[in-house]
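For reference, the chains in residue letters:
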Amino acid sequence: MSNEIFKQALAIKEEITRLRRHIHQNPELGMKEYQTAALIKKELESYGVEIVPIAMETGVLGIIKGEKAGADTVTALRADIDALPIIEKTGVPHSSTQEGVMHACGHDGHTAVLLGTAKLLSSLRSQFSGTVKLIFQPAEETLSGAVGMVRAGVLEDPAVDFIVTLHAWPYLEAGKIGIRVGPYHASADYFKARMIGTGGHGGYPHKGTDCLLAATQAVGALQSIVSRQLNAIDNTVLSVCTIHGGTAFNIIPKEVEFSGTIRCHNMTIRNSMKDRMEKIIGNVAAAFGCDYEFEYGLGLPMTVNHPEVTAQLARAATATLGADSVVELAEPVMGSEDFAIYQEIVPHSSFIRLGNAAGGKEIPVHTDQFDFNDDAIPYGMAVLTQFVLDRNK
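In this text the structure is predicted, and so the values were computed from the model without any measurement.

Colleague: Lay out the sheet that holds strand β12 (residues 255-264) with the relevant residues and their values.
Modeller: Spatial ordering of the open sheet is given by β10-β12-β8-β13, a layout of four strands whose pairing is antiparallel. Here the strands that pair on one side only, and so sit at the sheet edges, are β10 (236-245) and β13 (291-300). Averaged over neighbouring strand pairs, the angle between their axes works out to 15° when direction is ignored. Strand direction decides the pairing type here: strand β8 (residues 187-196) and β13, joined by eight bridges, are antiparallel. Across the sheet, the residue bridging to A188 is L300, located in β13. The strands that helix α7 (residues 267-287) touches are β8, β10, β12 and β13; relative to β13, the one it contacts most, it runs at about 165°.

Colleague: Requested: an account of the pattern of salt bridges, with residues and values cited.
Modeller: This structure, assessed with the given rule, holds 15 salt bridges. Connected through salt bridges with shared partners, the residues R20, R21, D108, D371 and D374 form a single ionic network.

Colleague: Explain the packing of aromatic side chains to me, using residue names and the numbers behind them.
Modeller: Across all of its chains, the model carries eight aromatic pairs by this definition. Centre to centre, the rings of F191 and F258 are 6.3 Å apart; their planes meet at 75°, and the pair counts as edge-to-face. Of this pair, F191 sits in strand β8 while F258 is found in strand β12, placing the two residues 67 residues apart along the sequence. With a relative accessible area of 0%, F258 lands in the buried category. Among the aromatic residues, ring-to-ring pairing joins Y184, F339, Y342 and F351 into one connected group.

Colleague: Describe the pairing of strand β16 (residues 349-357), and please don't skip the residues or the numbers.
Modeller: Counted residue by residue, β16 has nine buried out of nine residues, so it is predominantly covered. Of the two faces of β16, the one holding S349, F351, R353, G355 and A357 and the one holding S350, I352, L354 and N356 are both buried throughout. Sheet analysis places strand β5 (residues 162-173) next to β16, joined by eight bridges and oriented parallel. Within the sheet, the bridge partner assigned to T165 lies in β16 and is F351. Summarising the sheet, strand β6 (residues 177-179) and β16 pair through two bridges and their orientation is antiparallel. In the sheet register, I177 faces β16, and the bridge partner there is L354.

Colleague: Pulling in residues and values, what's your account of the nonpolar core?
Modeller: Grouped together as the largest cluster of nonpolar side chains are 55 residues, with contacts concentrated most on L44, L77, L134 and F136. Once residues lying within four places of it in the same chain are set aside, the contact partners of L77 are L114, T117, L121, V132, K133, L134, I135, V164, L384 and V388.

Colleague: Quick rundown of the side chain of R20? Include the residues and the values.
Modeller: Its place among the elements puts R20 in helix α2 (residues 13-25). Among the polar contacts made by the side chain of R20, one reaches the side chain of D108 at a distance of 2.7 Å. When neighbours within four sequence positions are excluded, R20 is seen to be in contact with H94, D108, G109, A112, D371, F372, D374 and I377.

Colleague: Give me helix α8 (residues 307-321): which residues, what numbers.
Modeller: When the terminal C-alpha atoms of α8 are compared, their 21 Å separation across 15 residues agrees well with the 21 Å that a helix rising 1.5 Å per residue should span. Taken residue by residue, α8 has V309, T310, Q312, L313, A314, A316, A317, T320 and L321 as its buried positions. G322 sits one or two residues past α8 and shows a positive phi near 110°.

Colleague: With reference to specific residues and values, describe the sheet that holds β5.
Modeller: Spatially, the eight strands line up as an open sheet ordered β1-β2-β4-β3-β5-β16-β6-β15, and their pairing is mixed. Looking along the sheet, the strands with just one partner apiece sit at the ends: β1 (50-51) and β15 (326-328). Sheet strands in contact with helix α3 (residues 34-46) are β1, β2 (60-65) and β4 (131-137), and its direction is about 15° off that of β2. Sheet strands in contact with helix α4 (residues 107-123) are β2, β3 (74-80), β4, β5 and β16, and its direction is about 150° off that of β3.

Colleague: Which residues make up the layout of surface pockets, and what are the values?
Modeller: Roughly 460 Å³ of internal volume is contained in the largest pocket. If you trace the largest pocket, you find 19 residues lining it, with H185, G335, S336, V365 and H366 closest to the centre. If you tally residues by element for the lining of the largest pocket, the top one is β5, at five residues. Residue composition of the lining of the largest pocket, by class: nine nonpolar, five polar and five charged.

Rules used in this analysis
Residues numbered from 1 in each chain as written. Predicted model: local features only at pLDDT ≥ 70, side-chain atom pairs only at ≥ 80, totals over all residues. Heavy atoms only, no water. Pairing = 2+ DSSP bridges. Helix = DSSP H or I, 4+ residues; strand = E, 2+ residues; numbered from the N terminus. Axes fitted to C-alpha atoms, helices over the stretch in contact; angles between N-to-C directions. Contact = heavy atoms within 4.5 Å. Salt bridge = Lys/Arg side-chain N within 4 Å of Asp/Glu carboxyl O. Phe/Tyr/Trp six-rings, centres within 6.5 Å; stacked < 30°, edge-to-face > 60°. Buried < 20%, exposed > 50% of the residue type's maximum accessible area, 1.4 Å probe, protein only. Core = buried A, V, L, I, M, F, W, Y, C linked by side-chain atoms within 4.5 Å. Polar contact = N/O pair within 3.5 Å; in protein donor to acceptor, adjacent residues only side chain to side chain. Expected span 1.5 Å × (residues − 1). 1 Å grid on protein atoms, 1.4 Å probe; cavity = no way out; pocket = protein on both sides within 12 Å on 5 of 7 lines; lining within 4 Å. Points joined across faces, edges and corners; volume = space filled by probe spheres on them. Nonpolar A, V, L, I, M, F, W, Y, C, P; charged D, E, K, R; others polar.

If you want it as structure tokens, here you go:
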């Protein structure tokens, strides 16, 4: 095993850990990451990394040009930098100083890992060719950051050939790298429906049309799409997550609105969901004498990991961390990731998991107890660095 890169990563672990904890103490929500972006730029400049101005206030794009003769490959590495609106309860010394905001998804760790990778790659310019783009993306949690960065041109001039990212995963021990070829994250779409009746007195329901009853029947009937219209082996989720209507205990409302999300791993099914749902909602409305309105919006596509790129990331992990470091993830997930926006433009791409558990203790992300495991930092830096050295020969 060639672990020279891992040794170099270990050598700067404490420095990068301090950065990670500073970012954790000073979290910022999506599109408000002004301090975080300023810190990123300051660090990149200290490493000798070129900062490219982009039309994205809190996004950062750094470029490192290799000095080795070879193909003019352009490889992009992406990290998300935003926090979540959660009150932290970890009790760690570096807890958030911003009330109601915390890094509960590990983006502080992702940012630190990419900064550390930038430092390593900047010192290794003579060992790779082409160009490395360092994409520090805001607003992943609000699903608008990747779209904004793409519109800002981060994948252009020069055009990106390969793009990869990693994400903390509390269900793998630190030191492990999780991979999966093909579809991984589900697509994420949304819907909003409104049942419209005449309303009336709660004591005389027969004198009007009850849109609340119609809405509850529609909510139940929508569940039959997944359970009765689709093959059970196709991963699909339809969740109604809000329902609003009514003003008093004895007044039947005139309108009831409900909304939710649809997650799919099959494009054919995804493309059929709007019609399936509207048919049920429309028929239920008609049965109860109501009118209806229905809105269906396409959100994020699936993340799909390219076989070649994923295999090369696995080889990079094996070379730097050892063969037992690579874990093939057993199943896809129904969560979504806006990294998929980049993948639509750069299909040679992959999303991998960075083990984050310690001693078998699994603390889920998006909870007030999650704190990125700093022991994972050198593993992430080593894999990303080796991947660039292998890809940009």
